[in-house]
Amino acid sequence: MNLRPFIKTHIKTIMTNFDVQRGPFDSFLREYYKNNKTLGPSERSIISQTAFDLVRNDLLLSHFTKDVDRKCDLLSHLPKYENDQNIPLNVRCSCPEILFQLVSDQYGQKRAYEFFMALNTKAPLTIRINPIKTTREKLMQEMKHLYFKKTLTSPYGLIISKENNVNLSDTDQFKEGLFEIQDEASQVCALRVQCRPNDKVLDYCAGSGGKTLAFAHQMEGKGVIEINDTRSEALSKAKIRLRRAGIMNYSFFTKKFKYDWILLDVPCTGLGTLRRNPDSKYRFSQERLDDLIKLQQDIFDQAIRYLKQDGVIVYTTCSFLKDENQNQAKHFCKKYNLSVVDNDYFQSLPEKGGMDSFFSISLKKN
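Because the structure is predicted, anything quoted here is derived from the model rather than measured.

A. Structural context of the UniProt feature "active site" (unreviewed entry) in the protein. As annotated by UniProt and renumbered to match this structure, "active site" (unreviewed entry) occupies Cys318. By the element assignment, Cys318 lies in the loop between strand 9 (307–317) and helix 15 (326–336). In this view, Cys318 contacts Cys268, Gly270, Leu271, Gly272, Thr273, Ser357 and Phe358; residues no more than four positions away in its chain are not counted.

B. Region of interest: unusual backbone geometry. Looking along the chain, the bond that leaves Gly23 and enters Pro24 is cis, with omega of -5°. Positionally, Pro24 belongs in the loop between helix 1 (5–17) and helix 2 (25–34). At Asn198, a residue that is not glycine, the phi angle is positive and equals roughly 80°. Within the fold, Asn198 resides in the loop between helix 11 (184–190) and strand 5 (200–203). Phi at Asn343 is positive, roughly 50°, even though this residue is not glycine. Relative to the assigned elements, Asn343 resides in strand 10 (residues 338–347). Judged by relative accessible area, which is 73%, Asn343 ranks as exposed.

C. Here's a closer look at the sheet that holds strand 11 (residues 359–365). An order of 7-6-5-8-9-11-10 is seen for the 7 strands of this open sheet, with the pairing classed as mixed. In this open sheet, the two strands that pair with only one neighbour each are strand 7 (250–252) and strand 10. Neighbouring strand axes in the sheet, compared pairwise and without regard to direction, differ in orientation by 20° on average. In this fold helix 13 (residues 232–245) packs onto strand 6 (224–227) and strand 7, with an angle of close to 170° to the strand it touches most, strand 7.

D. Examining the packing of helix 7 (residues 97–107) against helix 8 (residues 109–118) more closely. Where helix 7 contacts helix 8, the two axes come as close as 7 Å, and the packing angle between them is 125°. By the angle between their axes, helix 7 is oblique relative to helix 8. Helix 8 is crossed by helix 7, and the crossing has right-handed handedness. Touching Leu99, Phe100, Val103, Ser104 and Tyr107 of helix 7 are Gln109, Arg111, Ala112, Tyr113, Phe115 and Phe116, all from helix 8. Each residue belonging to the contact of helix 7 with helix 8 can be placed in one class, and the counts come to 8 nonpolar, 2 polar and 1 charged.

E. Geometry of the packing of aromatic side chains. Tallying each qualifying case throughout the model produces 21 aromatic pairs. Aromatic pair Phe18 and Phe25: ring centres 4.8 Å apart, planes at 65°, arrangement edge-to-face. In this structure, Phe18 and Phe25 share a single accessibility class: buried. Among the aromatic residues, ring-to-ring pairing joins Phe100, Tyr107, Phe115, Phe116 and Phe320 into one connected group. Geometry around Tyr107 places Lys322 over its ring, the cationic atom sitting 5.0 Å from the centre.

F. Seen up close, the sheet that holds strand 4 (residues 179–181). Spatially, 4 strands are ordered 2-3-1-4 in an open sheet, and the strand pairing comes out antiparallel. Each edge of the open sheet is held by one strand with a lone partner, namely strand 2 (148–150) and strand 4. If you compare each strand with its neighbour and ignore which way they point, the axes differ by 35° on average. Where strand 1 (residues 126–129) meets strand 3 (residues 157–160), 3 bridges bridge the pair, whose relative direction is antiparallel. Paired with Thr126 across the two strands is Ile159, which belongs to strand 3.

G. Focus on empty space enclosed by the protein. Within the structure shown, the criterion is met by 1 cavity of 30 Å³ or more. Within this model, the largest cavity holds a volume of roughly 40 Å³. Lining the largest cavity we find Arg128, Ile129, Asn130, Gly177, Phe179, Glu180, Leu213, Arg241, Arg244 and Ala245. When contributions to the lining of the largest cavity are tallied by element, the ones reaching two or more residues are strand 1, strand 4 and helix 13. Top contributing element to the lining of the largest cavity by residue count: helix 13, with 3 residues. Its residues assigned to classes, the lining of the largest cavity shows 4 nonpolar, 2 polar and 4 charged.

So, how was this worked out
- All residue numbers here refer to positions counted from 1 along the written sequence of the relevant chain.
- In keeping with the model being predicted, local features are shown solely for residues with a pLDDT of at least 70 and side-chain atom pairs are shown and tallied solely at 80 or more, while totals for entire chains, interfaces and linings include all residues.
- Here the side-chain values reflect all heavy atoms present in the structure, with hydrogen atoms and water set aside.
- UniProt positions are given in the numbering used here, feature names are shortened, and annotations may be inferred rather than shown by experiment.
- Working definition: helices are DSSP H or I runs of at least four residues, strands are E runs of at least two. Numbering for both runs from the N terminus.
- Note on definitions: a residue-residue contact is assigned when non-hydrogen atoms from the two residues lie within 4.5 Å.
- Per-residue accessibility, obtained with a 1.4 Å probe over protein chains only, is compared with the maximum for each type, and a residue is labelled buried under 20%, exposed over 50%, and partly exposed between these values.
- A strand pair is defined by DSSP finding two or more bridges across the two strands.
- Between the N-to-C directions of two axes lies an angle of 0 to 180 degrees, each axis being a line fitted to C-alpha atoms and, for a helix, fitted only over the stretch in contact.
- Roughly parallel means an angle under 35 degrees; roughly antiparallel, over 145; roughly perpendicular, 65 to 115; everything else is oblique.
- Left-handed describes a crossing in which the near helix is turned anticlockwise from the far one by less than a right angle; the clockwise case is right-handed.
- Any residue outside Ala, Val, Leu, Ile, Met, Phe, Trp, Tyr, Cys, Pro, Asp, Glu, Lys and Arg is labelled polar, Gly included; the first ten of those are nonpolar and the last four are charged.
- Each pair of aromatic rings taken from Phe, Tyr and Trp, with Trp reduced to its six-membered ring, is defined by centres within 6.5 Å and is described as stacked if the planes are under 30 degrees apart, edge-to-face if over 60, and tilted in the remaining cases.
- Any Lys NZ or Arg CZ found within 6 Å of a ring centre and within 35 degrees of that ring's normal is scored as a charge over the ring.
- As defined here, a cavity is a set of points on a 1 Å grid over the protein atoms alone where a 1.4 Å probe fits but cannot get out. A pocket is an open set with protein on both sides within 12 Å along at least five of seven lines, and residues line them when an atom is within 4 Å of a point.
- Grid points are joined across faces, edges and corners, and a volume is the space filled by probe spheres set on the points.

Right under this line is the structure:
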């Protein structure tokens, strides 16, 4: 890979100073750019793309060298090592052995390898239009220079089909609340909350409100939406985003109601979003997984107290581990005598060029 010397210098500085155990990598990069304001948009783009590729493929690159410059040079040659039988399979897809074995046990070694190879690629850039203010067709016409194509599963998603350096959050359409940046799988999970006008809905782990924004239009401004999170700064961001989208029938969690719908987007390993957060796979451990499983159960135990009889709780993760998904659903159904709505769940698995890997299941209180 032919990189200008000063670009390589920045990349070497970034990779030398980044501590994977402290992560996340995207936050580290943002801070780095704040301290290096002379870097232009195109230079930042090249640095980010290369640095992310280095993190995604670090296990395989480190099989050959520890030198960052040499790793950069090797990036364009990685495909020829994919079928090298002399290199362990987990190393070829740059997945720590403990994680690769766990996924192999659940899905088989071939699929585990395919999953992690897909997760080493760049994620598509997907937005969700705000149906309160626009339609997909109208926004595609307004922003036709971005070459959108419609998502197949979400009725509100658009994928940017050509590379560009446009900062979407700087566009007038974003500032007017016509769209949000959101992966298709996240949109699909949010829409499993099939609320109607005058319903009472609780987004119990709302974060900055991404999924609330995706389902709120169904209520037509009527009824109650309450949002909750342990992070006050995330809720402050949610408040800004909801107002920009024209959603006013929301408040912070009051504990006053029994809810028709509860969305539970729980903390998880995040393996389904490794394309965006590749450093997190190097922090995986069985101990961390066990702690997350316990935390997910604790959060569910807290949230279900607020679900009304015949209400539905939508349990969601951005993981493809059965221990966080199907096995948890079985545990909840048994403990609380819940039934699976439509006897089905949503699961997207890692696929090159596809949506993130999410799991979502709707459980009804009988």
